[in-house]
Amino acid sequence: MTVRQIAEILDAEILCCEELADSVNIHSACGSDMMSDVLAYVKDQGMLLTGLVNPQVVRTAEMMDMCCVAFVRGKRPDAAIIQLAQSKNIILLTTQERMYPACGKLYKAGLDAGKPI
Amino acid sequence: MSELIHLHYDVDGEDFVSCGHASEDVRRTLKSIGISGEVIRKVSIAMYEGEINMVIHADGGVADVSICEDGIVVTLSDTGKGIADIDQAMQEGFSTATDEIRELGFGAGMGLPNMKKYSDSMDIKSEVGKGTVVTLKFNL
Ligand SMILES: Nc1ncnc2c1ncn2[C@@H]1O[C@H](COP(=O)(O)OP(=O)(O)OP(=O)(O)O)[C@@H](O)[C@H]1O
Ligand SMILES: [Mg+2]
């Protein structure tokens, strides 16, 4: 599924790297507000959904080789966070959806949870 | 084993926002010299966990990375409060993090076990009131 399709499903606004939205394909995703858990439990998920907003969200995504972060519950990162993501080619989305429905909609559309580690 | 590249960073203990700079730079360097994606990921995750620990549990410190023909050694040294019981700290889920740290998305007690998982060897030396030195080795 492309990030563009994901953005449509979540009715999300693309905050940066929109030029990549049609070419970057995501196969699995994870949702968490704890970056500790993302670093410890995630493997090969291309996308993170989170309600946490700080620069470490972008750095965590980078270390995990993720290409997209969606902020749920209408959370909006500041300009510095957007710039950080831009410099790493990580696409940022923001959606009004809460965590559970956001994950549910994507799961239903075929985005799975990846292999457990 | 002769050293090919040495990288040195100061990690500012007061600056949560910038924390991760050292790991980001190491990642860039490893990419630029053609290290495999698999190794880059292991080094990035383990070093980033260590860098975060230096900021949230200590007062910052220094990170040194030595890249050799057959391996990468990451050394994280701080002069923070130290770890009283290293075996306990190594257990999954053990954390002394405050609610304030949890609100920043850290403090699940998973960092040290994760650093052990992703490195090929890990050594911790710590003295209460003096500081902590974590050494991570990765084979190439
Ligand atoms: N550099 C350090 N200086 C002092 N204490 C440390 C240091 N690193 C770790 N610790 C202690 O060891 C505990 C476990 O560390 P670990 O990284 O596993 O978990 P955490 O940092 O609390 O949470 P997480 O890593 O999941 O965000 C910490 O809560 C802290 O008490
Ligand atoms: Mg930690």
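Placed above this text is the structure.
Trainee: So what's going on with the overall build of chain A? Which residues, and what values?
Mentor: Looking only at helices and strands, chain A features five helices and five strands. At 12 Å, chain A has a C-alpha radius of gyration in line with the 13 Å of a compact globule built from 117 residues. Each principal axis of the C-alpha atoms in chain A carries an extent, and together these give about 30 × 30 × 25 Å. Evaluated residue by residue, chain A yields a buried proportion of 56% over its 117 residues. Of the roughly 5,200 Å² of accessible surface on chain A, a fraction of 50% belongs to carbon and sulfur atoms. Within chain A, one finds 11 positive and 14 negative side-chain charges whose respective centroids are separated by 5 Å.

Trainee: Can you tell me about the site of ligand 1, naming the residues and giving the values?
Mentor: Taken together, 21 residues form the shell around ligand 1, and within it Ser 36 of chain A together with His 57, Ser 95, Thr 96 and Gly 107 of chain B come nearest. Of the chains in the model, those with residues near ligand 1 are chains A and B. Gly 109 of chain B is positioned such that a nitrogen or oxygen atom in its backbone is 2.9 Å from an oxygen atom of ligand 1. Backbone polar atom of Gly 111 of chain B to an oxygen atom of ligand 1: 2.9 Å apart, as the coordinates give it. Within the complex, the protein chains bury 97% of what would otherwise be the 600 Å² of accessible surface of ligand 1. Class assignment of the residues belonging to the shell around ligand 1 gives a composition of nine nonpolar, ten polar and two charged.

Trainee: Run through unusual backbone geometry, naming residues and quoting values.
Mentor: Residue and element names in this part refer to chain A. The residue Asp 11 is not glycine, and still its phi comes out positive at about 50 degrees. Phi angles above zero are rare outside glycine, and Arg 73 is one such case at about 55 degrees. The residue Arg 73 is located in the loop between β4 (68-71) and α4 (79-87) in this model.

Trainee: Describe the packing of helix α1 (residues 21-32) of chain B against helix α2 (residues 37-56) of chain B, and please don't skip the residues or the numbers.
Mentor: Residue and element names in this part refer to chain B. For the pair α1 and α2, interaxial distance at closest approach is 8 Å and the crossing angle is 165 degrees. Taken together, α1 and α2 sit at an angle that is classed as roughly antiparallel. Considering the relative orientation of α1 and α2, their crossing is right-handed. Across the interface between the two elements, His 21, Ala 22, Ser 23, Val 26, Arg 27, Leu 30 and Lys 31 of α1 pack against Ile 40, Val 43, Ser 44, Met 47, Tyr 48 and Glu 51 of α2. Residue classes in the contact of α1 with α2 are distributed as seven nonpolar, three polar and three charged.

Trainee: Hey, could you go over the pattern of salt bridges for me, with residue numbers and the actual values?
Mentor: For the structure shown, the criterion picks out 16 salt bridges over all chains. Ionic pairing is found between Asp 65 of chain A and Arg 41 of chain B, a salt bridge with its closest N-O pair at 3.0 Å. With one member in each of two chains, Asp 65 of chain A in the loop between α3 (55-63) and β4 and Arg 41 of chain B in helix α2 form a pair that bridges those chains. Among the residues examined, Arg 41 of chain B registers a relative accessible area of 14% and is labelled buried. The salt bridge partner of Asp 123 of chain B is Lys 125 of chain B, with a shortest N-O separation of 2.9 Å. When its relative accessible area of 53% is taken as the criterion, Lys 125 of chain B is described as exposed. It is possible to trace a salt-bridge network through shared partners that takes in Asp 44, Arg 59, Glu 62, Asp 65 and Lys 88 of chain A together with Glu 24, Arg 27 and Arg 41 of chain B.

Trainee: Provide a residue-level description of the environment of Ala 70 of chain A, including the pertinent values.
Mentor: All names here are of chain A. Structurally, Ala 70 can be placed in strand β4. Classification of Ala 70 by relative accessible area gives buried; the value is 0%. For the pair Ala 70 and Gly 51, spaced 19 residues apart in sequence, the C-alpha separation works out to 8.5 Å.

Trainee: Talk me through the side chain of Ser 119 of chain B; I want residue IDs and the actual numbers.
Mentor: Residue and element names in this part refer to chain B. By secondary structure assignment, the location of Ser 119 is in the loop between α5 (111-118) and β4 (121-127). Taking relative accessible area as the criterion, Ser 119 reaches 8% and is therefore assigned buried. Those residues in contact with Ser 119 that sit more than four places away from it in its chain are Leu 136, Lys 137 and Phe 138.

Trainee: Let's hear about the interface of chain B and chain A: which residues, and what values?
Mentor: The interface is formed by 27 residues belonging to chain B together with 24 residues belonging to chain A. Between chain B and chain A, a total of about 2,000 Å² is buried, with carbon and sulfur atoms accounting for 51% of that surface. Remark: the boundary between chain B and chain A carries six salt bridges. One salt bridge connects Arg 41 of chain B with Asp 44 of chain A, and the closest N-O pair in it is separated by 3.3 Å. The interface formed by chain B and chain A holds 18 residue pairs in polar contact (both at pLDDT 80 or more) in total. Elements with a contribution of two residues or more to the side of chain B that touches chain A: α1, α2, α4 (99-103) and α5 of chain B. In terms of residue count, the dominant contributor to the side of chain B that touches chain A is α2 of chain B (six residues). Split by residue class, the side of chain B that touches chain A holds eleven nonpolar, eight polar and eight charged.

Conventions and cut-offs
- Residues numbered from 1 in each chain as written.
- Chains lettered and ligands numbered in written order.
- Predicted model: local features only at pLDDT ≥ 70, side-chain atom pairs only at ≥ 80, totals over all residues.
- Heavy atoms only, no water.
- Helix = DSSP H or I, 4+ residues; strand = E, 2+ residues; numbered from the N terminus.
- Rg over C-alpha atoms; globule rule 2.2 N^0.38 Å.
- Buried < 20%, exposed > 50% of the residue type's maximum accessible area, 1.4 Å probe, protein only.
- Areas by Shrake-Rupley, 256 points an atom, 1.4 Å probe, with all protein chains shown as cover.
- Lys, Arg positive; Asp, Glu negative; His and termini not counted.
- Charge placed at Lys NZ, Arg CZ, Asp CG, Glu CD.
- Near = heavy atom within 4 Å.
- Polar contact = N/O pair within 3.5 Å; in protein donor to acceptor, adjacent residues only side chain to side chain.
- Nonpolar A, V, L, I, M, F, W, Y, C, P; charged D, E, K, R; others polar.
- Axes fitted to C-alpha atoms, helices over the stretch in contact; angles between N-to-C directions.
- Parallel < 35°, antiparallel > 145°, perpendicular 65-115°, else oblique.
- Left-handed = near helix turned anticlockwise from the far one by under 90°.
- Contact = heavy atoms within 4.5 Å.
- Salt bridge = Lys/Arg side-chain N within 4 Å of Asp/Glu carboxyl O.
- Buried area = accessible area lost by both parts, 1.4 Å probe.

Take it as geometry only, folks, not as evidence of what the structure does.
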